Amino acid sequence: MMEDRILAHLEIIESVYGVEILNKSRVVQWTEEITDDDKQALTIATALNTWIMMNSTGPTLEIPITVLEQIQANLISKSR
């Protein structure tokens, strides 16, 4: 199931960086809404990993919708 794979990616990111993604369920839902492709889901997880690595400043964080929108825009431009 796509939801399980996306959630697993986010949980690995949390484990690696020692953070809790407060809006993890929303990020999973958003990812499911924009793709059903495993490769694109991995691309999204990789982009989120990079963003979290660069922006994590404490034990919790929330991924802004603007970050998700930028990732989506980049996916759309790459698929053209």
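Above this text is the structure in question.
The present account deals with the structure reproduced in this document. (Residues numbered from 1 in each chain as written. Predicted model: local features only at pLDDT ≥ 70, side-chain atom pairs only at ≥ 80, totals over all residues. Heavy atoms only, no water.)

### Considerations on the pattern of salt bridges
At step 1: Taken as a whole and judged by the stated rule, the model has three salt bridges.
At step 2: Notably, a salt bridge pairs Glu14 with Lys24, separated by 2.8 Å at the nearest N-O pair. Residue Glu14 is located in helix H1 (residues 2–17), and its partner Lys24 is located in helix H2 (residues 24–34); the two are separated by ten residues in the primary sequence. By the burial criterion, Glu14 is buried, and Lys24 matches it.
At step 3: Between Glu33 and Arg26 there is a salt bridge, with its nearest N and O atoms 3.8 Å apart. (Salt bridge = Lys/Arg side-chain N within 4 Å of Asp/Glu carboxyl O. Helix = DSSP H or I, 4+ residues; strand = E, 2+ residues; numbered from the N terminus. Buried < 20%, exposed > 50% of the residue type's maximum accessible area, 1.4 Å probe, protein only.)

### Topic: the packing of H2 against helix H4 (residues 65–78)
At step 1: It is at 12 Å that the axes of H2 and H4 come closest, and there the two elements cross at 20°. With respect to H4, the element H2 is oriented roughly parallel. For H2 against H4, the interelement crossing comes out right-handed. Between H2, through Val27, Trp30 and Ile34, and H4, the contact on the second element is made entirely by Leu68, Glu69, Ile71, Gln72 and Leu75.
At step 2: Looking at the contact of H2 with H4 residue by residue, the classes come out as six nonpolar, one polar and one charged. (Axes fitted to C-alpha atoms, helices over the stretch in contact; angles between N-to-C directions. Parallel < 35°, antiparallel > 145°, perpendicular 65-115°, else oblique. Left-handed = near helix turned anticlockwise from the far one by under 90°. Contact = heavy atoms within 4.5 Å. Nonpolar A, V, L, I, M, F, W, Y, C, P; charged D, E, K, R; others polar.)

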